[in-house]
Amino acid sequence: MWNFFNDKSKNEKTSISLDMNNIPKHIGIIMDGNGRWAKERNLPRSMGHKAGVETIRDIVKECDKIGVKYLTLYAFSTENWKRPKDEVNALMKLLVQYLRKEIEELHSNNVIVNSIGDTSKLPEICQQELKDAYEKTKNNTGLTLNLALNYGGRDEIIRAVKLLYNDIKDGKVNEDDIDENMISNYLYTSHMPDPDLIIRPSGEKRLSNFLIWQCAYAEFWYSDIKWPDFNKDYLHKAIYDYQNRDRRFGGVK
Ligand code: FPP
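The notes below deal with the structure included here. (Residues numbered from 1 in each chain as written. Predicted model: local features only at pLDDT ≥ 70, side-chain atom pairs only at ≥ 80, totals over all residues. Heavy atoms only, no water.)

### Details of the packing of aromatic side chains
At step 1: Across all of its chains, the model carries ten aromatic pairs by this definition.
At step 2: Relative to Trp81, the ring of Phe76 lies with its centre 4.8 Å away and its plane at 75°, an arrangement referred to as edge-to-face.
At step 3: Given the relative accessible area of 35%, Trp81 is considered partly exposed.
At step 4: Taking 5.7 Å as the distance between ring centres and 50° as the angle between the ring planes, the aromatic pair formed by Tyr217 and Phe249 counts as tilted. Of the two residues, Tyr217 is situated in the loop between strand 7 (197-200) and strand 8 (219-222) and Phe249 in the segment after helix 7 (232-243); the sequence distance between them amounts to 32 residues. (Phe/Tyr/Trp six-rings, centres within 6.5 Å; stacked < 30°, edge-to-face > 60°. Buried < 20%, exposed > 50% of the residue type's maximum accessible area, 1.4 Å probe, protein only. Helix = DSSP H or I, 4+ residues; strand = E, 2+ residues; numbered from the N terminus.)

### Some words on the sheet that holds strand 7
At step 1: What the six strands build is an open sheet, ordered 5-6-4-3-7-8; its pairing is parallel. If you trace the sheet from one side to the other, it starts and ends with strand 5 (112-116) and strand 8, each paired once. Taken pair by pair, the neighbouring strands of this sheet meet at an average axis angle of 20°, ignoring direction.
At step 2: Inspection of the sheet shows strand 3 (residues 26-30) paired to strand 4 (residues 70-77) by five bridges, in the parallel sense. Within strand 4, the residue paired with Gly28 across the bridge is Thr72.
At step 3: The strands touched by helix 2 (residues 45-66) are strand 3, strand 4 and strand 6 (144-151); relative to strand 4, the strand with the most contacts, the crossing angle is about 160°.
At step 4: Sheet strands in contact with helix 4 (residues 124-137) are strand 5 and strand 6, and its direction is about 135° off that of strand 5. (Pairing = 2+ DSSP bridges. Axes fitted to C-alpha atoms, helices over the stretch in contact; angles between N-to-C directions. Contact = heavy atoms within 4.5 Å.)

So, in structure tokens, the structure goes:
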């Protein structure tokens, strides 16, 4: 699939060709830059998040269309509770609006709407919408959309250790059984492949507690573009760059 790519953050035009047989199975996105996008326009931060939801719509559609099997979006971290109350409330409201507005289309596109993270701490209404969305879509067979909500990689590992400890105590697991696969199976992402590609727009180059166990061999892609300006062309460019990386997983070729 040939495309022209116009990188607005660098004023650079290139042509790219995607190998449709090498689409990453699992993409993770740290949707960063909403606040700065709003500030540049003298808008409240919540408007940046609102614009970010439009990007979510387009990117979910495109991932589904090109055959990505898992898309994990970092929507609210365990650290994001430190933000002003108004902003937290606005994000929760956007989540409910997004699910209500999009669920029929997501369902008709065969998407499974899943969440990862400690969602029990989210407002009741968010928990209900997430539960309804999952129940409606859980038997679908297309893209799995993981919304990472009240998610933190360290928190996820602590939870996994506690679950494992209980299973050892109950005699369900022996010390010798513990290996990488087993640990992976105690995480929220159990039975999903590790992410192949992590995308972070907005110029920051850090993982910020996102899928820290699962990212052991993920490829990273950064851009200065802010999340509300990210679009399917950037997604294609990230995948194209990923396809041109040499993944050796610690071995040699
Ligand atoms: C980071 O940008 C973005 C977030 C913490 C929230 C992302 C959430 C959404 C896009 C919308 C809500 C989610 C769903 C699933 C509907 P930032 O605020 O840290 O930006 P900044 O670094 O420029 O301040």
